[in-house]
2 protein chains.
Amino acid sequence: MLKWRIGIDLGGGDVDPQTIVKATCEAAATLAEDEFVFFGNIAPKNLPSTLSFVKTKEPILPSDHPLFSVKKKPDSSLVTGIRGVKEKKLDAFLSCGNTGALIVSASLELERLPHILRPALLTNFPSSSGRMVVLDVGGNLITKAEQLIQFAVLGASYARVRFGIALPRVALLNIGTESIKGTGELRLAWQKMMEAKGEAFSFVGNVEGRDVFTSGVDVLVTNGFAGNIFLKTAEGVSSFAFQYAEDRMPSLRERPEWNELKGVFNYESSQGALLSGVDGIVIKCHGNSSEKALFEAILGAHELYKNRIIDKMKETLIAGFSALSEKERL
Amino acid sequence: MLKWRIGIDLGGGDVDPQTIVKATCEAAATLAEDEFVFFGNIAPKNLPSTLSFVKTKEPILPSDHPLFSVKKKPDSSLVTGIRGVKEKKLDAFLSCGNTGALIVSASLELERLPHILRPALLTNFPSSSGRMVVLDVGGNLITKAEQLIQFAVLGASYARVRFGIALPRVALLNIGTESIKGTGELRLAWQKMMEAKGEAFSFVGNVEGRDVFTSGVDVLVTNGFAGNIFLKTAEGVSSFAFQYAEDRMPSLRERPEWNELKGVFNYESSQGALLSGVDGIVIKCHGNSSEKALFEAILGAHELYKNRIIDKMKETLIAGFSALSEKERL
């Protein structure tokens, strides 16, 4: 039987490699059609014979400079894994390592999806209508209006292909709903997205963090700095609020519904972030991911390659950008 | 009996003036030592005789340009109220109106507190150690490192005077804990705050939204854009999470402890945002504040002037900046 093959980075992150191996073993037990390849400079102990290991050189560390480290350490686990995706030896690569270096390496090695200048980290968060796609959550700290529009089409393409939403509702994360709110780039992006009539997405305007979870928005577009603040604050405050509730109502801990809903808001369920916009599946997990978070991220990656998400996104991206007026395109 | 006097803006916001009047009547019933003065272009109906009204001219609207509207409408309710604070005819002024115009007007009319270049909107949010002071939550969308340091001293001064925290723990809101994370200004601010040994505050470094609620941080420093995203996301997701829980466990609604803890996370309990850094008490409430939120904000303003918070902050600010090394000061 031919298998899908996922590469997993063991090097340079803050996560104990044994945690990564354990999560992978657990995933391997449920994914019979997948092959798992670890990349690292130290072979994990007691590696089951069903999992393979590729020895790589000096790892890229969390504190390393993204660009310099990628250039200086071409045989690190991170860069080797990305090359595996480029050469189609891997169907996906998953890393808990240096986010900047992962983006730089993927940007240098992998083709860009149609009309996309720079990749963006894409993840999803619970909302009243199910799941909301959010991008960028940390790739591009500062973005031009043109990039925000590209993120809109990219996120809409993902929402369509992954969740079957025919015309995804796209909003800009801002500090107010009026068109004059926020930075100059946000105001320009608002203007251009209002003008952009097409089948790529339905633009619903600016949305505030207060309303976004109940607003029916499918795709939340933002720069990487604000998106990262948004995502981590959302994770942090929901976790704190549930803890606060449990401290005052300890019996909640014994209610299965309570534990289930806590799981929905837990970052461990988010399946990591897809480095969207490149031709390949690259998944970034938190630098301090738990075993459960890694397990879920591997299951998520499996869904992506099993469903040929990148090929489908390519098609919808071409159609999406064609539907935008000429001036909105690159 | 001499009374404190609080001015309340009726003009130009999205809130129904009747809601503002109702909240004020409710507050007046509990605050015997306070006098309430409304400012607006239309007199409220059925105004109790214990409350007074000052007729002002064309109001500043939410969509107005902050600077131009303040210049063009010097007799609007907003600018007249700020002038009342300047002339010490008011002990505080509260508005749900145009945030930008309120900041511009206060910046033009009121003295700055020692060493503070620009005011910042300051509010607080629940945390595992009680309340955490957050600034700026919307005043200065983009900030220089020097301003972030001023916000740190300002926030620490407020935390000391208002909550009795001897040496407030200050953190920078960032997308990672390492010193190299975030924008250039954040990296510079990190460096300067690490070097700034003094009695003004204890700098604990960068903090992510995921950890800040349980990190023991007393003062969270950020620019107005990220701070606004942070605050509204925190409000939005906690409200959504509690709603999500109630939908799945309807019996929660009948538990008093549940309703009480929901209240703690509700923006209505936040008492609005203090425009900190100016010599006067100016309170900004949400443009769509509820009666309860306004009632709480009036009680909050009362606490501030009753406790002479601005005078006390002046003293601690002078001491705080003196304790910083020469180069960190203006």
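Undergrad: Hey, could you run me through the overall build of chain A in this one?
TA: Scanning chain A for helices and strands turns up 10 helices and 11 strands. Radius of gyration (C-alpha) of chain A: 20 Å, near the 20 Å computed for a compact globule of 330 residues. Across its three principal axes, chain A shows a C-alpha extent of roughly 60 × 55 × 40 Å. For chain A, with 330 residues in total, the buried portion stands at 57%. A separation of at least 24 residues holds for 69% of the contacts in chain A among residues at least 6 apart in sequence. Accessible area of chain A: about 12900 Å², with a carbon and sulfur share of 52%.

Undergrad: Would you mind going over helix α5 (residues 145-163) of chain B with me for this structure?
TA: Every α-helical turn comprises 3.6 residues, leaving residues that sit three or four positions apart pointing alike. Residue and element names in this part refer to chain B. Helix length check: α5, at 19 residues, gives a terminal C-alpha distance of 26 Å against a target of 27 Å (1.5 Å per residue), a fit within 8%. Burial runs high along α5: 15 of the 19 residues are buried. In the stretch just after α5, Gly 164 is the one whose phi turns positive, near 70°.

Undergrad: Please explain the sheet that holds strand β11 (residues 282-284) of chain A as it appears in this structure.
TA: Picture the strands of a sheet paired through backbone hydrogen bonds; they go either parallel or antiparallel. Residue and element names in this part refer to chain A. Pairing is mixed across the open sheet formed by 11 strands, whose spatial order is β3-β2-β1-β4-β11-β10-β5-β6-β9-β7-β8. A single partner strand is all that each edge strand has here, and the edge strands are β3 (52-55) and β8 (202-207). Direction aside, neighbouring strands of the sheet carry axes that sit 30° apart on average. In the sheet, strand β7 (residues 169-173) pairs with β8 via four bridges, with the strands oriented parallel. Residue pairing across strands places Leu 172 opposite Asn 206, the latter belonging to β8. In the packing of helix α1 (residues 17-30) onto the sheet, the strands contacted are β1 (4-9) and β2 (34-40), and the crossing angle to β2 comes to about 170°.

Undergrad: So what exactly am I meant to see when it comes to the interface of chain A and chain B here?
TA: When the parts come together, some accessible area is lost, and that loss is often what is quoted as the size of the interface. If you look at the interface, chain A gives 48 residues, while chain B gives 49 residues. Surface buried jointly by chain A and chain B totals about 4300 Å² across both partners, of which 76% is contributed by carbon and sulfur atoms. Counting every contact that joins chain A to chain B gives four salt bridges. Those elements that provide at least two residues to the side of chain A that touches chain B are β5 (120-127), α7 (224-248) and α8 (256-265) of chain A.

Undergrad: Is there a simple way to think about empty space enclosed by the protein in this case?
TA: Think of a ball as big as a water molecule: rolled over the atoms, this probe shows where empty space is left. Residue and element names in this part refer to chain B. All told, the structure shown has six cavities of 30 Å³ or more when counted by the stated rule. Volume-wise, the largest cavity comes out at about 90 Å³. As for the largest cavity, its lining consists of 13 residues, of which Tyr 158, Arg 162, Ser 270, Gln 271 and Gly 272 are closest to the centre. Within the residue set of the lining of the largest cavity, elements represented by two or more residues are β5 (120-127), α5 and α9 (291-306). Looking at the lining of the largest cavity residue by residue, the class counts come to six nonpolar, six polar and one charged. One number sums up the size of the second largest cavity: a volume of about 80 Å³.

Undergrad: I would appreciate a short explanation of the relation of the copies chain A and chain B in the present structure.
TA: In this arrangement, two copies of a chain are superimposed by a rotation about an axis accompanied by a shift along the axis. You can overlay chain A on chain B at an RMSD of 0.0 Å; the transform is a turn of 180° with a shift of 0.0 Å along its axis. Each copy turns onto its partner about a two-fold axis. Taken as a fraction of all interface residues of chain A, those also at the interface in chain B reach 98%, which identifies the copy contact as same-surface.

Undergrad: Please clarify how helix α7 (residues 224-248) of chain B should be interpreted in this entry.
TA: Between its terminal C-alpha atoms α7 of chain B stretches 36 Å, which fits the 36 Å expected from 25 residues at 1.5 Å a residue. At the N-terminal boundary of α7 of chain B, the capping side chain belongs to Asn 223 of chain B, with an oxygen 2.9 Å from the backbone nitrogen of Phe 225 of chain B.

Undergrad: Quick question: what am I supposed to make of the state of the cysteines here?
TA: Covalently bonding the sulfur atom of one cysteine to the sulfur atom of another cysteine gives a disulfide. Residue and element names in this part refer to chain A. Under the definition given, this model contains zero disulfides over all chains. Looking at the unpaired Cys 25, the closest cysteine sulfur is the one in Cys 96, lying at 15 Å. Among the residues examined, Cys 25 registers a relative accessible area of 30% and is labelled partly exposed. Here Cys 96 stays free of any disulfide, with the sulfur of Cys 285 as its closest cysteine sulfur at 5.0 Å. The exposure class of Cys 96 is buried, given its relative accessible area of 5%.

Cut-offs applied
Residues numbered from 1 in each chain as written. Chains lettered and ligands numbered in written order. Predicted model: local features only at pLDDT ≥ 70, side-chain atom pairs only at ≥ 80, totals over all residues. Heavy atoms only, no water. Helix = DSSP H or I, 4+ residues; strand = E, 2+ residues; numbered from the N terminus. Rg over C-alpha atoms; globule rule 2.2 N^0.38 Å. Buried < 20%, exposed > 50% of the residue type's maximum accessible area, 1.4 Å probe, protein only. Contact = heavy atoms within 4.5 Å. Areas by Shrake-Rupley, 256 points an atom, 1.4 Å probe, with all protein chains shown as cover. Expected span 1.5 Å × (residues − 1). Pairing = 2+ DSSP bridges. Axes fitted to C-alpha atoms, helices over the stretch in contact; angles between N-to-C directions. Buried area = accessible area lost by both parts, 1.4 Å probe. Salt bridge = Lys/Arg side-chain N within 4 Å of Asp/Glu carboxyl O. 1 Å grid on protein atoms, 1.4 Å probe; cavity = no way out; pocket = protein on both sides within 12 Å on 5 of 7 lines; lining within 4 Å. Points joined across faces, edges and corners; volume = space filled by probe spheres on them. Nonpolar A, V, L, I, M, F, W, Y, C, P; charged D, E, K, R; others polar. Least-squares fit on C-alpha atoms with pLDDT ≥ 70 in both. Polar contact = N/O pair within 3.5 Å; in protein donor to acceptor, adjacent residues only side chain to side chain. Disulfide = S-S within 2.5 Å.

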